[in-house]
Amino acid sequence: MKKIIIAIDGFSSTGKSTLAKQLAKQLGYVYVDTGAMYRAVAFFAMQHHYVSEDHLDKNKLVDSLPDLHLHFEFNPELGFAEMFLNGKNVETEIRTLEVSRLVSKVAEISEVRSKLVEQQQQMGKHKAIVMDGRDIGTVVFPNAELKIFMTASPETRAQRRYDELVEKGQRVTFQDVLQNVNERDYIDTHREDSPLVKASDAIEVDNSVLTKKEQFQLVLNLVNDKV
Ligand code: C5P
């Protein structure tokens, strides 16, 4: 069977990663969560105190990019790869609301984007990959064989993210999560470098109207048409 690249883009908490993980498992492909990479850079900036109050010192972050090394390691118990920053597993640290508040500011920086995009392109060199993010079908793999663009209402997405955070024991309010979802949408769609847009050849999937099973079947049919 032909190996392809599957690019899944869309707003935050539209269920991209759930779908991408299901597809990767079914097809025996590698799954790459590019949001985790941007989150790890945001966490790195926090660790190094490049953030004070609401201000991010972009110059200091850019200067220290050569010291930032990211890699994924597959965890067979979980069935997917976890994010490592400079050799340390940071899966828990990168999923906090604090990191969510900073990440879109980090993702606006062109130097950060070019470093991560290059690494993502390397990971897809041999195809057989499902990658999710904001710019996968437009910038990272403009020639991906299959491009999906996921949507859902902000309230549906905030509820999903809120449930996830509460389940992990984090103390957050629904209003704070909704506000963060809206702010990130705004920054992600308005930034100069690689804004979130639907690629002209992407297929839109609205996650608020389909069940997970229906959505998976629909996309799997699209994959089968390509391989
Ligand atoms: O996917 P997730 O919500 O974890 O992504 C976190 C943030 O990382 C996004 O809100 C966006 O600002 C940034 N991002 C990006 N490009 C990607 C993936 C994520 O700018 N390919």
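Residues numbered from 1 in each chain as written. Predicted model: local features only at pLDDT ≥ 70, side-chain atom pairs only at ≥ 80, totals over all residues.

A word on helix H5 (residues 110-123)
Filter applied, for reference: Put simply, DSSP H or I for four residues or longer makes a helix, DSSP E for two residues or longer makes a strand, and each gets a number counted from the N terminus. To estimate the expected span of a helix, subtract one from its residue number and multiply by 1.5 Å. Residue burial is a threshold on neighbouring C-beta atoms within 10 Å of the residue's own C-beta, all placed from the backbone, with 20 or more meaning buried, 12 or fewer meaning exposed, and counts in between meaning partly exposed. It is the directions from the helix axis to the C-beta atoms whose arc is reported. By definition, residues are in contact whenever their C-beta atoms, placed on the basis of the backbone, come within 7 Å of each other.
Between its terminal C-alpha atoms H5 stretches 20 Å, which fits the 20 Å expected from 14 residues at 1.5 Å a residue. All of the buried residues along H5 are Val 112, Arg 113, Leu 116, Val 117 and Gln 120. The arc enclosing the buried residues of H5, seen along the axis, measures out at 120°, which places them on a common side. Summarising the geometry of H5, the exposed residues directed more than 90 degrees from the buried face are Glu 118 and Gln 122. Residues of H5 that are buried sit in contact with strand S2 (30-33), helix H2 (34-47), helix H4 (97-106), strand S8 (129-133) and helix H6 (136-140).

What to know about the environment of Glu 145
Inspection of the secondary structure assignment puts Glu 145 in the loop between H6 and strand S9 (146-151). Taking the C-alpha atoms as reference points, Glu 145 and Val 227, 82 residues apart in sequence, are found 9.1 Å from one another.

Describing the UniProt feature "domain: Cytidylate kinase" (unreviewed entry) in the protein chain
As a reminder of what qualifies: UniProt positions are given in the numbering used here, feature names are shortened, and annotations may be inferred rather than shown by experiment.
Sequence positions flagged by UniProt for "domain: Cytidylate kinase" (unreviewed entry) are, in local numbering, residues 6-224. Between the first and last C-alpha atoms of residues 6-224 the distance is 12 Å; the span itself is 48% helix and 19% strand.

So, the packing of H2 against H5
Keep this limit in mind: What counts as an axis is a line fitted to C-alpha atoms, over the stretch in contact for a helix, and the angles between N-to-C directions run from 0 to 180 degrees. Should an angle fall under 35 degrees it is taken as roughly parallel, and over 145 as roughly antiparallel, whereas 65 to 115 is taken as roughly perpendicular and any remaining angle as oblique. By convention the crossing between two helices is left-handed if the near helix lies anticlockwise of the far one by an angle smaller than a right angle, and right-handed if it lies clockwise. Residues are grouped as follows: Ala, Val, Leu, Ile, Met, Phe, Trp, Tyr, Cys and Pro are nonpolar; Asp, Glu, Lys and Arg are charged; every other residue, Gly included, is polar.
Between H2 and H5, the shortest axis-to-axis distance is 11 Å and the interhelical angle comes to 140°. Relative to H5, the element H2 is oriented oblique. For the crossing formed where H2 meets H5, the hand is right-handed. Contacts between H2 and H5 pair Thr 34, Met 37, Tyr 38 and Val 41 from the former with Val 112, Leu 116 and Gln 120 from the latter. Residues of the contact of H2 with H5, tallied by class, amount to five nonpolar, two polar and no charged.

Focus on the UniProt feature "binding site: ATP" (unreviewed entry) in the protein chain
Listed under "binding site: ATP" (unreviewed entry) in the UniProt record, and renumbered for this structure, are Gly 10, Phe 11, Ser 12, Ser 13, Thr 14, Gly 15, Lys 16, Ser 17 and Thr 18. Summarising the element assignment, Gly 15 is placed in the loop between strand S1 (5-10) and helix H1 (16-27).

Digging into the pairing of strand S6 (residues 80-85)
Regular strands place side chains that alternate from one sheet face to the opposite one. This is how the line gets drawn: In this description, strands pair whenever DSSP reports at least two bridges between them.
Judged from the six bridges that link them, strand S5 (residues 70-75) and S6 form a sheet pairing that is antiparallel. Its bridge partner being in S6, Phe 74 is matched across the sheet by Ala 81. What sits between the antiparallel neighbours S5 and S6 is a turn of four residues, in which Gly 79 has the positive phi angle 85°. Examined bridge by bridge, S6 and strand S7 (residues 88-89) share two bridges and lie antiparallel to one another. Bridge pairing in S7 places Leu 85 opposite Lys 88. A loop of two residues connects S6 with S7, the two strands running antiparallel in sequence, and Asn 86 in this loop sits at a positive phi of about 45°.

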